[in-house]
Amino acid sequence: MTAFPGDPVTAWAPYRPGGNRPWTLKLAGHLLRRAGFGGSWGELQQALADGPARTLERLLRPQADLAAFNREADGFEGDGQNFQALEELRGSWLRRMIATPDPLREKMTLFWHGWFGVSAGRQTPALAVTHVRMLRAHALGRFDDLLSAAVRDPAVILAAGGKDNYKARPNLPLAQQMLAGYTVGEGQFTERDVQETARAFAGLFVRGDQLRETPHERDEGAKTILGQAGCWTERDFARIAAGGPALARRVVAELYRWWIGEEGEPSAELLAPLVRSFAADRDIGKLAGIMLGSNLFFSEAAFRCRVKSPVELAAGLCRAFESQVPAVRLGRDVADLGQELYNPPTVAGWAGGRAWINPASLARRARFAELVLAGAGPYENRLAPASLAKKYGRPEGTAAADFLSELLVQGEVSPGMRSLLSAAAVGEAGLRRVATLIAASPEYQLA
Amino acid sequence: MIVNRALPLSAAACLVAWLGAWTVVLGELATPVPPGELPDAWLPSEAVAVLHSSKPGTVLDLLLDPAVTSQVPVGKAPAAVMTGVARYLESQLGCDWKTALRRLTRRGFTFAAGPGGATVMIAQADDAAFLVKVNDAFVQAGRWGGPSNVSQTAHGETACWTIDGGKEYHALAGDALILSNRLEVLHHVLDLRSGAASPSESLAGLPDFQTAKKAARAGAGAVLFAGPELVKALPISKRKTQAEQQPLVVLLLGRNPQASQNPEQEWLALDLDADGRALSARVTGEKLAGRAAAFAAPQAGDGVLPNLSVPRQIAGLSLWRDLHGFYAAKDALFPERTSALILFENLMGIYFSGRDLTEDVLGALDPHVRLVVAEQAYDPAIGTPALKLPGFAAVFRMREPEKFGPVIEEAWQKAIGLVNITRGQKAQPGLVIDKRDYGGVRYSFASFSAAGEPDKTKLDSRFNFQPALVRDGEFLIIGSTTQLADDLIDALRNPLKPVAGSNAVIEVDGARLATIVAENRESIIKGNMLKKGQERAAAEKDLGQLMTVVKLLEQATLRTGEAASQRFVDLRLELGPMLRGNR
């Protein structure tokens, strides 16, 4: 793995393995971690065999029977009219993340969940489910389509404080959140933009889980939003906001943090090619393809420089060990680690990055790894390192320890740690201990 | 019985154990035991569990019923071993193995387990020649491991055989074959039988066991006695201890959580009817003094009312609970929950307009309380919920209906109003309160409107509820559906007399329960997949096993109360037509 050379063109050019930049298990694990929730042994080996381009193509356009999977996964959320309680919904989503053949889409759904910061705590499960399904549908599509759906999503409007939008009293907090939170961001709009955006949303009311459009409350007058004048409605607002360069810069910068690295601000020069491309077509999937296939992504500069969120940590462990676990309980434990699905702390979502970790949360993460990999207890021995090591023909000792370290951290352990793990990898309990030690290690906590 | 070795698991040992259990040797008994009687005078008092069948044929009929055997998952290895055993037996004895079993166990079979895995089996039969053949086969099988694998010693005047290098021991004593996995245990049994050991060292000398023995029904086909150690280890016993601090649990169980317990006296007697159609379990031995709660102790001659019977009934629960006495004793019953109970009382004050909960509300109710759970038949005009929940209702008797009726009516309407406000805050549809006439009774109910529902075959779960409050003479019905309220109005037309001595009776209809489980199959499977982390196949298998158990059960009845200064818990399970149809 080479360090990032610094030039934007080279940085975003597709990574081509060869010479001193070979395609390795380490890079395959890196891609599967960032683009999804990590891989099983089979997925890692497949990626290693296929190379980066084919692996990325499969992540962007999976060949599995997604319709059948989604039907089954949707069924856990409810039957169309009736939805589970939030606790079950959290479990359902985690279960989907663990099993999905379309991990990139699920990872991006999680990203947009944080972007819109819709908390279902004060909403009905039906609204929460509908909202996340909308995010999933548009997760890798065009951003203007996503935004058009979002501005008419009752869950988003309620989260932004927009339950009532009277013509006589335009809802300024809603407009503020639409501009600052969901689109162009702070400093990119004026007070007048807020007032005019609020007028564009007039006539929309959320009543009984439904968005109602009340014609006589519509403000038919002309408005100027982000420099464009016309008789705009919320749909026009979405189009105008999505089309401007400010939003493109913001989306690219946020996705840089999500996929490349959280430390430090990337320079405008570095992001410029991506911003130009995204502003032109607003294609999230295409942006994902460029970022995740780039020289920069596969450089040392991007390696293990993101802190795994609790969801990534938990779903990743289950995917690695090829097993579902009691998902409702998993949802509770993930919430205890600081990430309560369907309930971000604010409309700005989760802070992420270093905010995930402090001495107390690190101890909780280690305890979580121990709990989920325990031979008994709430996870009922679902994650079984010994069985998995045996399945792949490396049942004990150094071979088993190496297998688990390759599976979880692609062999990124120090020689001292490797000796320790090899010595411990005896018997079922020993292999549990090895897996727990790796899962609690700093390497595993970083994506 | 203080030995710490497990039973051997080799095929030969299995054969030895199996044969030994069904073998009898003729002779005179030092301590005679009438045919079919439990030989408790021979069993050491340390026994923690005893299984006895005076009519093993009944048990065999049940166990060999195709409806049962087809549902029992048998692994390949055990199946192969059993097949080998059966073929060997049939060749040695000249009859099929089922016939052999019935002949070998004609006069009784007893199995006892003690601490550390020690076991004793006693088999009695009445066909001497056949038993000799069986014993020969038994010894021959022991020699499969080599000639030295079988040896013979004497204990007093009794011959004792040692099989498989000391893994099994048996003795030929009178008309019985006694087999154990511990030599010292076998000797102890022989000493008890011969009178060399004191009768006080036997189960026959243990008063609590004798109480349990009397609790087993006369003529039972088979009886299982579980001692205090096992009763304490039962999951229900553990849950009882943890949950006993919860006021509602205390009220339902009718136990004083502060009273000292004496589980050392508790024995469980579980018996199977002679016709093999019903299982009964009774826990006895717990002295009433200081244990039973006063609020659950009926006066002499009083007791629970029989359960009400309504169409599509799943379960009925009838309780004798002095609600006034229960709540008046709250400080003594729950000394650590005073704050929570004061909060609860204040909340109730809102519903009951400041009336005193103990005196003016609970004191207005008679101790005879009945609960009913019934499957719903949904009104096609409204539609069917996707998740079908049973209806449930509580039936009380009011001491002064004219005075208390309006009070509870007001409280009920406030509760509905509170539900509506809470739902309204979440933008959810509310209930509409209305009046309804049925059977000459005009009563209040509330319902959700189904107008505008897009798919009436998959309605929201709220359509399982149509809360109702019925004041029918002295009776007060608080139900989750008008349908159940109507049925209860009909059921209450038949006057019923209390069953003296019982303070709780629960009856569950297995067939109805199976219907509910079947109707919610997909929801249950998905729930298990989510909550247990199962894959679909595993969740379906689990549910299939649950359905098998439920289908086997026609009726379950749990009765608690007091008799002869003993508190009892009596569980009766009647087996369903699935089994009976195969007889």
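Here the residue numbering is sequential within each chain, running from 1 through the sequence in written order. Written order determines the labels here, with chains lettered from A and ligands numbered from 1. Two thresholds apply to this predicted model, a pLDDT of at least 70 for residue-level local features and 80 or more for giving and counting side-chain atom pairs, whereas whole-chain, interface and lining totals are computed over all residues. With hydrogens and water stripped out, all remaining heavy atoms of the structure feed into the side-chain values.

(A) How the structure looks around the overall build of chain B. Labels follow the DSSP assignment, with helices taken as runs of H or I lasting at least four residues and strands as runs of E lasting at least two, numbered in each case from the N terminus. Scanning chain B for helices and strands turns up 21 helices and 22 strands. In chain B, buried positions account for 48% of the 583 residues. Throughout, a contact is declared for two residues whenever any of their heavy atoms are within 4.5 Å. Taking all contacts inside chain B whose residues are at least 6 apart in sequence as the whole, residues at least 24 apart take part in 70%. Carbon and sulfur atoms make up 58% of the accessible area of chain B, which amounts to about 26,400 Å² in all. We call a residue buried when its accessible area falls under 20% of the maximum for its residue type, exposed when it is over 50%, and partly exposed in between, using a 1.4 Å probe and counting protein chains only. We get accessible surface area from the Shrake-Rupley algorithm with a probe of 1.4 Å; when it comes to residues, only the shown protein chains can shield them.

(B) Representation of the overall build of chain A in the model. Secondary structure assignment for chain A yields 24 helices and four strands. Only C-alpha atoms enter the radius of gyration, while the globule expectation follows 2.2 Å times N to the 0.38, with N the number of residues. Against the compact-globule benchmark of 22 Å for 447 residues, chain A has a radius of gyration of 23 Å, which places it among compact chains. Reported as C-alpha extents along the three principal axes, the dimensions of chain A are approximately 75 × 50 × 40 Å. Within chain A, the proportion of its 447 residues that are buried is 57%. Sequence separation of at least 24 residues holds for 73% of the intrachain contacts in chain A that already meet a minimum separation of 6. Of the roughly 17,000 Å² of accessible surface on chain A, a fraction of 53% belongs to carbon and sulfur atoms.

(C) Highlighting the pattern of salt bridges. Residue and element names in this part refer to chain A. Just to be clear on terms, a salt bridge is a Lys or Arg side-chain nitrogen sitting within 4 Å of an Asp or Glu carboxyl oxygen. A complete count under the given rule lists 55 salt bridges over all chains for this structure. Of the charged contacts in the structure, one is a salt bridge between Glu57 and Arg61, with a shortest N-O distance of 2.7 Å. Across the pair Arg354 and Glu263 runs a salt bridge whose closest N-O atoms are separated by 3.2 Å. Highlighted residues: Arg354 in the loop between α18 (327-336) and α19 (359-372) and Glu263 in the loop between α14 (245-259) and α15 (268-281), separated in sequence by 91 residues.

(D) Summary view of the confidence of the model for chain B. Residues and elements named next belong to chain B. The quantity known as pLDDT measures the predictor's confidence residue by residue, on a range of 0 to 100. Mean pLDDT over chain B works out to 81, with 82% of the residues at or above the 70 mark. Ranking the elements of chain B by mean pLDDT puts helix α1 (residues 11-21) last, at 37, and strand β18 (residues 475-479) first, at 98. pLDDT under 50 marks residues 1-32. Its contacts with residues more than four places away, or in other chains, come to 104 contacts. Reported confidence for the predicted complex is 0.82 by ipTM and 0.73 by pTM.

(E) Examining the nonpolar core more closely. Side-chain atoms within 4.5 Å link the members of a nonpolar core, which is a set of buried Ala, Val, Leu, Ile, Met, Phe, Trp, Tyr and Cys residues. Counting 134 residues, the largest nonpolar core has A:Met108, A:Trp112, A:Phe143, A:Trp259, A:Leu317, A:Phe321 and A:Leu330 as the members making the most contacts within it. Broken down by element, this core gets its largest block of residues, nine residues, from α14(A). Beyond its immediate stretch of four places on either side in the chain, A:Phe321 contacts A:Leu373, A:Leu383, A:Ala384, A:Pro385, A:Leu388, A:Leu404, A:Leu407, A:Leu408 and A:Ala435. Core analysis: the second largest hydrophobic core is formed by 37 residues, B:Leu341, B:Tyr351, B:Trp412 and B:Leu431 among them.

(F) The packing of aromatic side chains, seen in detail. The criterion for an aromatic pair is that two Phe, Tyr or Trp rings (for Trp, the six-membered ring) have centres within 6.5 Å, with stacked assigned to planes under 30 degrees apart, edge-to-face to planes over 60 apart and tilted to the rest. A complete count under the given rule lists 25 aromatic pairs over all chains for this structure. With 6.3 Å between their ring centres and 55° between their planes, B:Tyr327 and B:Phe344 make a pair best called tilted. A residue pair is termed long-range when its members are at least 10 positions apart, and B:Tyr327 in helix α12 (residues 323-328) and B:Phe344 in helix α14 (residues 338-351) qualify at 17 residues. With a relative accessible area of 5%, B:Tyr327 lands in the buried category. Residue classification places B:Phe344 among the partly exposed positions, given a relative accessible area of 37%. Clustering of aromatic rings is evident, with ring pairs tying together A:Phe111, A:Trp112, A:Trp115, A:Phe143, A:Trp258 and A:Phe278. Throughout this description, the term charge over a ring refers to an Arg CZ or Lys NZ atom that lies within 6 Å of the ring centre and within 35 degrees of the ring normal. The ring of A:Trp115 has A:Arg250 lying over it, and the distance from NZ or CZ to the ring centre is 4.6 Å. Positioned above the aromatic ring of B:Phe448, the side-chain terminus of B:Arg462 is 5.6 Å from the ring centre.

(G) Representation of the environment of B:Ser280 within the structure. Residue and element names in this part refer to chain B. With respect to the secondary-structure elements, Ser280 resides in strand β10 (residues 278-287). Owing to a relative accessible area of 5%, Ser280 belongs among the buried residues under this scheme. Put simply, Ser280 and Trp161 are 119 residues apart on the chain and 37 Å apart in space, counted from C-alpha to C-alpha. Beyond its immediate chain neighbours, meaning those up to four positions away, Ser280 contacts Arg217, Ala269, Leu270, Asp271, Asp570, Leu571 and Arg572.

(H) View of the pairing of strand β2 (residues 108-113) of chain B. All names here are of chain B. Among the six residues in β2, five count as buried, and that is most of the element. Bridge count between strand β1 (residues 49-53) and β2: five bridges; the pairing is antiparallel. In the sheet register, Val50 faces β2, and the bridge partner there is Ala112. When β2 meets strand β3 (residues 119-124), the two strands line up antiparallel, connected through six bridges. When DSSP locates at least two bridges between a pair of strands, those strands are taken to pair.

(I) Structural context of unusual backbone geometry. Notably, A:Tyr342 is not glycine yet its phi reads approximately 70°, a positive angle. Within the fold, A:Tyr342 resides in the loop between α18 and α19. Even without a glycine there, the phi angle at B:Arg312 is positive, about 60°. You can see B:Arg312 is positioned in the loop between β11 (303-304) and β12 (313-320). For B:Arg312, a relative accessible area of 23% gives the class partly exposed.

(J) Broad picture of the environment of B:Ala393. Residues and elements named next belong to chain B. With respect to the helices, strands and loops of the structure, Ala393 is situated in strand β14 (residues 391-397). Looking at Ala393, the relative accessible area reads 4%, which means it is buried. Along the backbone, Ala393 and Lys426 are 33 residues apart, and their C-alpha atoms lie at a distance of 27 Å. If near-sequence neighbours (up to four positions away) are discounted, Ala393 is found in contact with Arg370, Leu371, Val372, Ile477, Ile478, Gly479, Leu484 and Leu488.

(K) Inspection of the side chain of A:Asp102 at higher detail. Residues and elements named next belong to chain A. Tracing the backbone through its elements, the reader meets Asp102 in the loop between α6 (86-99) and α7 (103-116). A relative accessible area of 7% places Asp102 in the buried class. Not counting the four nearest positions on each side in its chain, Asp102 is found in contact with Leu59, Pro62 and Leu66.

(L) Expanded view of the interface of chain B and chain A. In this complex, chain B contributes 20 residues to the contact, which on the side of chain A involves 20 residues. Two parts lose some accessible area (1.4 Å probe) when they are put together, and adding that loss for both gives the buried area. For the pairing of chain B and chain A, the buried interface totals around 1,600 Å² over both sides, and the portion due to carbon and sulfur atoms is 48%. By the criterion of area lost to chain A, the three top residues of chain B are B:Lys526, B:Leu530 and B:Lys531, representing 37% of everything that side buries. Between chain B and chain A we count three salt bridges in total. For A:Glu72, the salt bridge identified is with B:Arg536, shortest N-O distance 3.3 Å. Polar contact is the term for a pair of N or O atoms within 3.5 Å; when the atoms are in protein, one must be able to donate a hydrogen and the other to accept it, and sequence-neighboring residues count only if both atoms are side-chain atoms. The tally of links between chain B and chain A comes to six residue pairs in polar contact (both at pLDDT 80 or more). In terms of residue class, the side of chain B that touches chain A is made up of six nonpolar, four polar and ten charged. In this count, Pro and Cys sit with the nonpolar residues alongside Ala, Val, Leu, Ile, Met, Phe, Trp and Tyr, while Asp, Glu, Lys and Arg are called charged and the others, Gly among them, polar.

(M) Summary view of the environment of A:Phe298. All names here are of chain A. The topology assignment puts Phe298 in the loop between α16 (284-292) and α17 (310-320). Residue Phe298 is classed as buried on the basis of its relative accessible area of 3%. Once the C-alpha coordinates of Phe298 and Trp232 are considered, the two residues, 66 residues apart in sequence, prove to be 44 Å apart.

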